[in-house]
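Fold and geometry: a report
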Amino acid sequence: MDVKKIIKQSYKSVILVIIAFEIMTVVSYFYVSSVMKRQIDLHSNNKIMSYQVSLRSLIQANEDALLHAAAFVSLTMDREAQAREQWELLKVLNDIYNKQPDIRNFFLSIYGYLDGNYIDGSGIIPGAYFNPKTAPWLRGALLMSEGIYHTEPYIEPRNGLAVAAMSMVVYDHKGESRGVLGIDFLLEPIVDQITNFKLADSGFSLLTDSSQKVLTYPDKTYVGRHLDELPGFETISRDLSAIGSDVLIERLDVGQKGSHIGFFSRLDNGWYLGNLVPVSFYYKEVFDLFPVILTLSLILSVVLSVVLLRMSLAKSRSDEENRSKSTFLAKMSHEIRTPMNAIIGLSELARRDFGQPDCLAYIDEIRKAGYNLLNIINDILDFSKIESGKYLLVNEPYNLQSLLMETLAVVGLRVQEKRLSFELDVEETLPSALMGDARSVRQILLNLLSNAVKYTQAGFVKLTVTGEMINEGSIKLSLAVEDSGIGIKPENFDSLFRDFVRLVEDSSNRYVEGTGLGLAIVRNLCHQMRGEVSVESEYGQGSKFTAVIEQGVVDSTPVGIVSESPHDDNTPLTPTFQAPGLRVLVVDDVKVNLMVAKGLLAPYKTQVSTCQSGLEAVELAGEYKFDLIFIDHMMPGIDGIETLRRIREMDRGCKEKPVAIAFTANAVAGVKEMLLSKGFDDFISKPIDSEQFLSLMERWVPESARQPIVSEVSEYLGLDLTGQEIGLESQPFIDSLTSLLGSDIDVNSGIRRCNGSLGQYFELLGVFLSDTDIIEKSLDPPEEGDEVAINNLVIRVHALKSASANIGAESISEEAAFFEQAAIDRKYALFKGARYVAFRDQLTQLIESIRSSLERMRSYSDFISKKISLDSDSKASDAPGDRDIPQDLLNSLVAAIEAFNLKESEGLLGEISAIGDERVKKIMSEVSNSLLVSDFHEALTLVNRLRP
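Per chain, residues are indexed from 1 in the order of the written sequence. Given that the model is predicted, a residue must reach a pLDDT of at least 70 before its local features are reported, and side-chain atom pairs must reach 80 or more before they are shown or counted; all residues, however, enter totals for whole chains, interfaces and linings. The side-chain values count all of the structure's non-hydrogen atoms but skip hydrogen atoms and water molecules.

**Brief notes about the pattern of salt bridges**
The salt bridge criterion pairs a side-chain nitrogen of Lys or Arg with a carboxyl oxygen of Asp or Glu, the two atoms within 4 Å. For the structure shown, the criterion picks out 16 salt bridges. Note that Asp780 is salt-bridged to Arg840, the shortest N-O span being 3.6 Å. On the criterion of sequence distance, the pair formed by Asp780 in the loop between α19 (758-776) and α20 (787-807) and Arg840 in helix α22 (residues 834-856) is long-range, its members being 60 residues apart. Residue Arg840 is classed as partly exposed on the basis of its relative accessible area of 24%. Each of Asp115, Asp172 and Arg178 takes part in one network of salt bridges that share partners. Only runs of H or I of at least four residues qualify as helices and only runs of E of at least two qualify as strands under DSSP, and these elements are numbered from the N terminus. Each residue gets one of three labels from its accessible area relative to the maximum for its type: buried under 20%, exposed over 50%, partly exposed in between, using a 1.4 Å probe on protein chains only.

And the structure:
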């Protein structure tokens, strides 16, 4: 994926994201700063109000002292005390206040004008010039008459200190005014405290009296001046007069001090307190917030831009993968259709030219196309398992040389067809026996070798196998496949091992077959085996793929010289021995499966006994000594595992125990290990594969029981095939049977399961009828919760699954498997649906087709009447009148069909049906159906069945 291209495509989105974040930053900053400013102002306001309370407490202490003194003076007046006694009292109070902690730092003196006499508690006797009646404290108190009067600050002439006075009128007990009592207090402690009071470290405070005369200011030259004379305070005077009890907040340019935020409030005594803070300092946190928010926004915008780019990249990759999958599906459609078309077309040619020299060539090509189709399907299924995590490695010992030879035998034919040179180089010191998943190792080799052969038109293909010991128990096995093919372009290296991706098609590889999954499967398998795969290639010169996997070592004996001899093995799968003395017991509740087993055992001439339940098997095993026992895993009553357990109990004291092999249709991961742990010696899955059965017999039949094969002629002869053995060679017979049975049954597959015996297959069909007649009538849908019915249904559809597969009815087998699992999972609703109805209808049609076909096959061979037992209702002889159809009508019908004249053909079909019996009418109906789908060959075949 081109990252630069993605960035180029996404740059507008990235720019929009950054712009959006910056706009958000500005908006956020202004919003947050306004909130912060309000909070800062509120905090400052609260701080000033708190400080006002503190100042008020200082003044209050002096007021309390004055009130206290006034009370004492009033008492002396009530006693008609003389001036001397009043003076003594004030002197005592003066001494007390000078020592009282809360006011001693402020208190200066207490004095009064009482009963026409001036008395000073400090002991000072004023001069003759002093006239108390003109003093502001006396006049102010008298004018106020009640409460405490505060004078303006002034300089005490006697000591030169800045002071302020408070005074009040003194009344006797009669309520008559007897004079005025006053207290002087120092301003300097208050000024010092105000000077130290700052809302910020770099700010300053000021104090004015009620007339706005400056009492304290950092620049002492302005003390005593009016407030509007201070730089920047010219317009504040009017605003201060109207603030009341609120706090006034103003922005002022204080001369050289710069722009300040000023907070002003009125004290209870009418003075004004101001506190100023530089704007830059006061809103420092707000200003500092901007670069933080800006930085965060830049970081977030970068992060989001990266996320957007990653999302764009991921989307691009997803789109590319989807395109790859779509291309893959389209390619697979083509790849699957190609061999399918070949199979269908060549099958038609082989059918038409049967017996001609070209027919074998057609069949050979069909075989190749079938293997090609199988490889495609296997690749898809294997990749699906690997991708879903369901592909499990099964580690077992295997022989390295055998694995290599088996693999080369598969690839050898293609190598010979393309006339390529094949080289094999195996390191002689490699261990001969390894531990691992031989199937997966073989698949790695097959995929790499198949690719090499496909992409190499001339030259060589070379396989090099080397190894590096990790320790005594494991080895790194290197499988290198080199070719002289078309090579790989450098731009394709990145996508080489990706899923659903093939090399970019050009004229050199456009017509190469394959799924594009081979290398992806190799990569995944190598990873599962703790290895890796790599590639070296030069376009036009060839490629070298190297897969390195870790394997266990079972036998370190050197493998020695390994030579290749790839060849096409067309040898028929036939037994290599007979064992007439071998006693075999086959246990299965389905007769069809017993017939298949007997058919597979027939070439060995063994003595075969069969039974359909576990209890019968136990009885037979107790009565006879068997050498080999095949037991079905799932049976009603006691299952195969319990059956074997009871048989083993009886054999406990015997030296030689029979070999027990399990039949099972559940060939999934873990079943083999479970069965072996329960006492079975081996197992084989159903439907039984003849190649697997041959291998099993080779493994378990002892040498002492084996005899050379004596050829014999089959007892089953066909009327038209006298002197021939009825088997896979009697193709006309098989074609006729296939035509009768219909497309739902693969006759060749069924015959193969009877080891090539057509006679055994006929017997198998007859037994299938007798079995399925019973099964069909007991497949009623179970009611929910009816455990007995659902368990019985599991057994029936399980039996039907294997029985139908044995005769080649794969679709019925697949449906039976589906409903078996549905019954096991207790999905009752599925048995009420249309699919189950269709399944039962299909089964009924299959039974009728088999019954009808077996009846018709009587006209071909008399062994049917000897070997097949049909129900009485199906044994009707050929209906009379078949030969009464006028031959001119039949000849005209044949001519019309050969001329593709559908209208004339339909008219003749009606005439023949009108004069024929039920059999004729049915054949005419089949002819009509064949004409509707343009199968003229089938139509002619059906008409010829009415000819003499």
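**Observations concerning the packing of aromatic side chains**
What counts as a ring pair is set by centres within 6.5 Å for rings of Phe, Tyr and Trp (its six-membered ring), and what kind of pair is set by the plane angle: stacked under 30 degrees, edge-to-face over 60, tilted for all other angles. All told, the structure shown has 18 aromatic pairs when counted by the stated rule. Ring geometry for Phe577 and Tyr604: centres 5.3 Å apart, planes at 55 degrees, overall tilted. With Phe577 in the loop between β18 (542-558) and β19 (583-587) and Tyr604 in the loop between α12 (591-601) and β20 (607-611), the pair connects residues that are 27 residues apart, well separated along the chain. Tyr604 carries the same exposure label as Phe577, and that label is buried. Judged by centre distance (5.0 Å) and plane angle (85 degrees), the ring pair of Phe818 and Phe819 falls under edge-to-face. For Phe818, a relative accessible area of 29% gives the class partly exposed. Aromatic ring contacts, followed pair by pair, group Phe204, Tyr217, Tyr222, Phe233 and Phe264 into a single cluster.

**Focus: the pairing of strand β21 (residues 628-632)**
Judged by how many residues are buried, β21 sits mostly within the fold: five of five residues are covered. Here β21 shows a buried face lined by Leu628, Phe630 and Asp632 and a second buried face lined by Ile629 and Ile631. Relative to β21, β19 runs parallel, the two being bridged by four bridges. In the strand pairing of β21, Leu585 is matched with Ile629. Pairs of strands are assigned from DSSP output, requiring at least two bridges between the strands. Pairing between β21 and strand β22 (residues 659-664): five bridges, direction parallel. Within β22, the residue paired with Ile631 across the bridge is Ala662.

**Here we look at unusual backbone geometry**
One non-glycine residue with positive phi stands out, namely Ser145, at about 60 degrees. Residue position: Ser145 is located in the loop between α3 (136-144) and β3 (149-150). A positive phi angle, close to 60 degrees, is found at Arg826, a residue other than glycine. Following the sequence through the fold, Arg826 ends up in the loop between α21 (810-824) and α22.

**Section: helix α24 (residues 887-898)**
For a helix, the expected span equals 1.5 Å multiplied by the number of residues minus one. Spanning 12 residues, α24 covers 16 Å between terminal C-alpha atoms, matching the ideal 16 Å at 1.5 Å per step. Inspection of α24 places Leu889, Leu890, Leu893, Val894, Ala896 and Ile897 among the buried residues, and these make up the whole buried set. Across the axial projection of α24, the buried residues extend over an arc of 165 degrees, all falling on one side. Counted as exposed and oriented over 90 degrees from the buried face of α24: Asp888 and Glu898. Arc definition: directions from the helix axis to the C-beta atoms.

**What to know about the packing of α20 against α21**
Axis definition: a line fitted to C-alpha atoms, over the contacting stretch in the case of helices. Angles run 0 to 180 degrees between N-to-C directions. Two numbers describe how α20 lies on α21: the axes approach to 8 Å, and their chain directions differ by 160 degrees. Between α20 and α21, the angle falls in the class roughly antiparallel. When you trace α20 past α21, the crossing you get is left-handed. In this structure, α20 uses Ile790, Val794, Val797, His798, Leu800, Lys801, Ser804 and Ala805 to contact α21, whose residues at the interface are Glu810, Ile812, Ser813, Ala816, Ala817, Phe819, Glu820, Ala823 and Ile824. When residues are sorted by character, Ala, Val, Leu, Ile, Met, Phe, Trp, Tyr, Cys and Pro go into the nonpolar class, Asp, Glu, Lys and Arg into the charged class, and all the rest, Gly among them, into the polar class. Residues of the contact of α20 with α21, tallied by class, amount to 11 nonpolar, three polar and three charged. Relative orientations are named as follows: roughly parallel for angles under 35 degrees, roughly antiparallel for angles over 145 degrees, roughly perpendicular for angles from 65 to 115 degrees, and oblique for any other angle. Two helices crossing with the near one rotated counterclockwise from the far one by less than a right angle form a left-handed crossing, whereas a clockwise rotation gives a right-handed crossing. Residues count as neighbours in contact if any of their non-hydrogen atoms are within 4.5 Å of one another.

**What to know about the sheet that holds β20**
Taken together, the five strands give an open sheet; going across it, the order is β20-β19-β21-β22-β23, and neighbouring strands pair in parallel fashion. Edge strands, defined here as strands with exactly one partner in the open sheet, are β20 and β23 (682-685). When the angles between neighbouring strand axes are averaged without regard to direction, this sheet yields 20 degrees. Docked against the sheet, helix α14 (residues 640-650) engages β21 and β22, running at close to 150 degrees with respect to β21.

**As for the sheet that holds strand β8 (residues 214-216)**
Reading across the sheet, the five strands line up as β8-β7-β11-β10-β9 and stay open at both edges, with antiparallel pairing between neighbours. Each end of this open sheet is capped by a strand with a single partner; those strands are β8 and β9 (248-253). Adjacent strand axes in the sheet meet at a mean angle of 30 degrees when their direction is disregarded. Inspection of the sheet shows strand β7 (residues 204-208) paired to β8 by two bridges, in the antiparallel sense.

**Brief notes about the packing of helix α13 (residues 614-623) against α14**
Where α13 meets α14, the closest approach of the two axes is 9 Å, and the angle between their N-to-C directions is 20 degrees. The angle between α13 and α14 falls in the class roughly parallel. Here α13 runs over α14; the crossing is right-handed. Across the interface between the two elements, Gly614, Leu615, Ala617, Val618, Ala621 and Gly622 of α13 pack against Thr643, Arg646, Ile647 and Met650 of α14. Taken together, the residues of the contact of α13 with α14 break down into six nonpolar, three polar and one charged.

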